[in-house]
Amino acid sequence: MAASILKTSVNTKSPEFEKNTRRMIDLVTQIKNEEEQIRQGGGAKTIESQHKKGRLTARERVAKLVDPGAQFFELGGFAAYEMYEEWGGAPSAGTVTGIARVCGRTFMIIANDATVKAGAFFPMTAKKVIRAQNIAIDNHIPTVYLVDSAGIFLPLQEDVFPDTDDFGRVFRNNAVMSAMGIPQLAAIMGMCVAGGAYLPVMCDHILMTEGSGLFLAGPALVQAAIGQKTSAEDLGGAKMHAQISGTVDFREPNDEACIARIRALADKMGATGAAPFSHIAAREPLYSGEEIYGIFSGDPAKQYDMREIIARIVDASEFEEYRAEYGETVLCGYARIGGWAVGIVANQKKHVQTMARGSDQKRLEFGGVIYTESAEKAARFILDCNQNRVPLIFLHDVNGFMVGKDAEWSGIIRAGAKMVNAVANSVVPKITVICGGSFGAGHYAMCGKAYDPRFIFAWPTARYAVMSGDAAAGTLVEIKLKQLEREGKKVDEKAKKALYESVRATYEHQTDPRYAAARLWVDAIIDPAHTRDALIQSLEAAALNPEIREFKTGVLQT
């Protein structure tokens, strides 16, 4: 039986296509410009200061570490965006994390950026490093740490030090990763002090460059604590740790030699077992990924066919759609991406004419809304993917679940719970892409951050909240007006409008994907035209973990 090839009916010359393209290109350009600014770290002066010490910057180190011509797939680039401004900001949370090939093998790379507050850990720095480690744990990715950090940013120590997702979790993860057999290499290429000194020493290999320091307490603190005077070199320099304490495995003269040694060690590492996921040679889609710009509409009132997006992501534009005529506001089906077999669950943004459940009456179902039938179909499809060991891809543009008397009578809560259960207990890799809206419980059912996707990405058009800005503003303003009425105050139409616009602007700012990326709710904001590339990178990383636990759902509401 021939595979189902998705046919396109897109008119690339239409005014709507051109309008969507211009809007998306503007958004992508804005994001890329901001990313370039973030990559400057602490700025030209701090970069110059790093070079004067004979050290490379974090990004220069990463560029030399990865294979020539290989892509560094950065994660968490927008971490701490518009945060800590009272302290001068912390671009990219003062650390660089991402996935790349080193000697032909996929590695997670975590590098302190000493140009940002000497690489000190802000609250979001700890969370970013932990997120990178969690990705490495879930996918069994070998990890390289390039350490150059002054330790905890003391003015914010109460938000960095004590909790389960704070600084100490980093070292706990070091130990867990080691016990799991996930290789870890740490290179001390600057300062590594206080509690942070435990990170490299809990790794498999420890490298250290001349002029670096590794100690629990620096010379000033040692003198204050016990009255002992000593130099930083004698206290915790590379020579001391190589010759006397025996803490480091390799002493290197400079950054370049250290990176060359890391690559030499990576080159000798053995391979893990093969993942149980189907993989064949990749085939390119029949249509250009850049056409996604014109197909996708960020206007919630406009419709588009999600199949057209899928056709530009999957191999050979082949998509075996599951129950195509049932629950049509959620698309489910099998495909390949980069040769990897996947199951796709995607919100359909076209309105659908269908028959009302339990009657012969026609009804209109709105695109982007999850109805009872679509939730039941998706839940069943997710069960199949787990049964057959097929990784899952979720493409979001969801307003939420349907509400109202008809929806409640049809059992929408029961169907939604079934879908959430299937997503929550799913054991195959899950990868999420937020294309447009991702609102309310629809965000959960489509594998939002709380449901452990291996990776979660957002397009520049993503919107991420309990409800849309217009709906939230209307609700919040109505509550505020009733409160004022109870206090005996009257509000004229002009004041109402001003209040509405103020609330809406605040809410819209919080739904922006950069706001989400700053808090690591998404791993990266990606160019829609490169969605396929991001998914292939993610699937290759997920395939490093051959272990799939037994699939159980517990009680399913039927």
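Right, let's walk through the structure included here. (Residues numbered from 1 in each chain as written. Predicted model: local features only at pLDDT ≥ 70, side-chain atom pairs only at ≥ 80, totals over all residues. Heavy atoms only, no water.)

**Overview of the environment of G94**
- Note that G94 resides in the loop between β1 (73-75) and β2 (95-102).
- Look at G94 and you get buried, because its relative accessible area is 1%.
- Sequence separation of G94 and N347 is 253 residues, and the distance between their C-alpha atoms is 36 Å.
- In this view, G94 contacts N112, D113 and V116; residues no more than four positions away in its chain are not counted. (Helix = DSSP H or I, 4+ residues; strand = E, 2+ residues; numbered from the N terminus. Buried < 20%, exposed > 50% of the residue type's maximum accessible area, 1.4 Å probe, protein only. Contact = heavy atoms within 4.5 Å.)

**With respect to the packing of aromatic side chains**
- For the structure on display, the rule yields 16 aromatic pairs.
- Ring geometry for F78 and Y81: centres 5.3 Å apart, planes at 70°, overall edge-to-face. Pair check on accessibility: F78 and Y81 agree, each one buried.
- On the numbers, 6.0 Å between centres and 40° between planes, the contact of Y444 with Y451 is tilted.
- A relative accessible area of 41% places Y444 in the partly exposed class.
- A network of ring pairs unites the aromatic residues Y84, W87, F122 and F153 as a single cluster.
- Positioned above the aromatic ring of Y515 is the side chain of R519, whose terminal nitrogen or guanidinium carbon lies 3.5 Å from the ring centre. (Phe/Tyr/Trp six-rings, centres within 6.5 Å; stacked < 30°, edge-to-face > 60°. Lys NZ or Arg CZ within 6 Å of the ring centre and 35° of its normal.)

**Points about the pattern of salt bridges**
- Following the criterion strictly, the structure yields 30 salt bridges and no others.
- Linking R532 and E284 is a salt bridge whose minimum nitrogen-to-oxygen distance equals 4.0 Å. Of this pair, R532 sits in helix α20 (residues 531-542) while E284 sits in the loop between α10 (255-267) and α11 (292-295), and the two are 248 residues apart along the sequence.
- Using a relative accessible area of 60% as the deciding quantity, one classes E284 as exposed.
- A cluster of three or more residues bridged by salt bridges with shared partners is formed by E34, D512 and R514. (Salt bridge = Lys/Arg side-chain N within 4 Å of Asp/Glu carboxyl O.)

**Considerations on the side chain of T143**
- Here T143 is to be found in strand β4 (residues 143-149).
- Exposure remark for T143: the relative accessible area of 1% places this residue in the buried category.
- Excluding residues within four positions of it along the chain, T143 makes contact with F107, M108, I110, A136, M177, P183, Q184 and L185.

**Some remarks on the nonpolar core**
- Of all hydrophobic cores here, the largest spans 106 residues; its most connected members are I310, I344 and F457.
- Among the elements that make up this core, the one with the highest residue count is helix α4 (residues 123-139) (8 residues).
- With sequence-adjacent residues up to four places away left out, I344 is seen in contact with I310, V314, F319, L331, C332, G333, A335, F381, I393 and L395.
- In this structure, Y322, A375, A379 and Y451 belong to the second largest nonpolar core, which totals 27 residues. (Core = buried A, V, L, I, M, F, W, Y, C linked by side-chain atoms within 4.5 Å.)

**Some points on the packing of helix α13 (residues 372-387) against helix α15 (residues 412-425)**
- It is at 8 Å that the axes of α13 and α15 come closest, and there the two elements cross at 25°. When the axis of α13 is compared with that of α15, the two are roughly parallel. Between α13 and α15 lies a crossing whose hand is left-handed. Listed contacts from α15 to T372, A375, E376, A378, A379, I382 and L383 of α13 are I412, A415, G416, K418, M419, A422 and V423.
- Split by residue class, the contact of α13 with α15 holds 10 nonpolar, 2 polar and 2 charged. (Axes fitted to C-alpha atoms, helices over the stretch in contact; angles between N-to-C directions. Parallel < 35°, antiparallel > 145°, perpendicular 65-115°, else oblique. Left-handed = near helix turned anticlockwise from the far one by under 90°. Nonpolar A, V, L, I, M, F, W, Y, C, P; charged D, E, K, R; others polar.)

**Some remarks on the pairing of strand β10 (residues 330-337)**
- In terms of burial, β10 is largely enclosed, as 6 of its 8 residues are buried.
- In this sheet, β10 lies alongside strand β9 (residues 320-321) in antiparallel orientation, the contact comprising 2 bridges. From the neighbouring strand, E321 faces β10, where its bridge partner is G333.
- The pairing of β10 with strand β11 (residues 340-347) spans 8 bridges and is classified as antiparallel. Bridge pairing in β11 links R336 to A341.
- Connecting β10 to the antiparallel partner β11 that follows it, the hairpin turn spans 2 residues, and G338 within it adopts a positive phi of roughly 65°. (Pairing = 2+ DSSP bridges.)

**Brief notes about the packing of α4 against helix α5 (residues 167-179)**
- For the pair α4 and α5, the least separation of the axes is 9 Å and the interaxial angle reads 20°. Classified by the angle their axes make, α4 and α5 are roughly parallel. In the packing of α4 onto α5, the handedness of the crossing is left-handed. Here A126, V129, I130, Q133, N134, A136 and I137 of α4 come into contact with α5, specifically with F167, R169, V170, N173, N174, V176 and M177.
- A breakdown of the residues in the contact of α4 with α5 according to their chemical character gives 9 nonpolar, 4 polar and 1 charged.

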